Amino acid sequence: KSKLYQPLQYAVLASLGIIILLVSMGAFSSNHNGYGTTSVILAGTLIFIIYRLLERLNIFNQRSMIACSIIVILISALTYQTPGIIASLLFLILGYAHGNKLITISGVIGLCLSIGIYYMNIKVPLLHKSFSMMVIGSMFLVATIVVKYAHRLGFTQENLKDKS
């Protein structure tokens, strides 16, 4: 790794983050037609980055790539009005993969801001918003419990290899 390019990397990432945050807030146009295009481009970029990271870690297989692609497409389809969410996930993954705390922290901060912007811009009653947040929180709670107790349920590497 060359220390010569590090300031340039931070400048590009900071500029990209600021531009995506401004686009998410609707600062550049009065119409909202550009959101879909931005989300598609960012989703494609995120899928490509995940593909490269899986290849680099030598854990690439077709099933994991299809699963990651479906997750990214679902997230981008649900949050197409706020492309900052996908961009923040991109920062989070890149920062974590390269062990860079500053990029990871900027991804977390951007994700919090983007989710806040998405929550405020969604045009549904407050009761529906709170119900959807409750459902999403319950899903995360169930996922956490499943991951925590997966070994007790028989989801170990050896068992999964035997079944496939």
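This write-up is about the structure you can find in this document. (Residues numbered from 1 in each chain as written. Predicted model: local features only at pLDDT ≥ 70, side-chain atom pairs only at ≥ 80, totals over all residues. Heavy atoms only, no water.)

## Observations concerning the nonpolar core
Leu42, Ala43, Leu46, Ile49, Ile50, Leu53, Leu54, Met65, Val72, Ile86, Ala87 and Leu90 together form the largest nonpolar core, which totals twelve residues. For this core, the secondary structure elements donating two or more residues are α2 (34-56), α3 (62-78) and α4 (84-97). When residues of this core are assigned to their parent elements, the largest contribution, seven residues, is made by α2. (Core = buried A, V, L, I, M, F, W, Y, C linked by side-chain atoms within 4.5 Å. Buried < 20%, exposed > 50% of the residue type's maximum accessible area, 1.4 Å probe, protein only. Helix = DSSP H or I, 4+ residues; strand = E, 2+ residues; numbered from the N terminus.)

## A short note on the environment of leucine 53
Relative to the elements of secondary structure, leucine 53 occurs in helix α2. Taking the C-alpha atoms as reference, leucine 53 lies 9.0 Å from leucine 94; in sequence the two are 41 residues apart. With residues near it in sequence (within four places) discarded, leucine 53 still touches Ile93 and Ala97. (Contact = heavy atoms within 4.5 Å.)

## Thoughts on the side chain of serine 76
Take serine 76: it is sitting in helix α3. According to the relative accessible area criterion, serine 76 is buried, its value standing at 10%. Polar side-chain contacts of serine 76 include one of 3.0 Å to the backbone oxygen of isoleucine 73. (Polar contact = N/O pair within 3.5 Å; in protein donor to acceptor, adjacent residues only side chain to side chain.)

## Details of the environment of serine 88
Its place among the elements puts serine 88 in helix α4. Sequence-wise, serine 88 and glycine 107 are 19 residues apart; in three dimensions their C-alpha atoms are separated by 4.6 Å. Serine 88 has contacts with Gly107, Gly110, Leu111 and Ser114, leaving out every residue within four places of it along the chain. Within the structure, the side chain of serine 88 is placed 2.7 Å from the backbone oxygen of glycine 84, a separation counted as a polar contact.

## Observations concerning α4
Relative to the 20 Å expected for 14 residues at 1.5 Å per residue, α4 spans 20 Å between its end C-alpha atoms, a close match to the ideal helical length. Taken residue by residue, α4 has Gly84, Ile85, Ile86, Ala87, Ser88, Leu90, Phe91 and Gly95 as its buried positions. Glycine 99 sits one or two positions beyond α4 and adopts a positive phi of about 70 degrees. (Expected span 1.5 Å × (residues − 1).)

## Describing the packing of α3 against α4
Their axes nearest at 9 Å, the elements α3 and α4 cross at an angle of 145 degrees. The residues of α4 that touch α3, namely those facing Val72, Ile75 and Ser76, are Ile85, Ile86 and Leu89. In terms of residue class, the contact of α3 with α4 is made up of five nonpolar, one polar and no charged. (Axes fitted to C-alpha atoms, helices over the stretch in contact; angles between N-to-C directions. Nonpolar A, V, L, I, M, F, W, Y, C, P; charged D, E, K, R; others polar.)

## Topic: the packing of α4 against helix α5 (residues 101-121)
A pair of packed helices can be characterised by two numbers: the angle between their axes and the separation between those axes. Packing of α4 against α5 brings their axes to within 8 Å, and their N-to-C directions diverge by 165 degrees. As summarised for this structure, α4 and α5 are arranged roughly antiparallel, according to the angle between their axes. The chirality of how α4 crosses α5 is left-handed. Here α4 contributes Gly84, Ile85, Ser88, Leu89, Phe91, Leu92, Gly95 and Tyr96 to the contact with α5, which in turn contributes Ile103, Thr104, Ser106, Gly107, Val108, Gly110, Leu111, Ser114, Ile115 and Tyr118. Counted by class, the contact of α4 with α5 contains ten nonpolar, eight polar and no charged residues. (Parallel < 35°, antiparallel > 145°, perpendicular 65-115°, else oblique. Left-handed = near helix turned anticlockwise from the far one by under 90°.)

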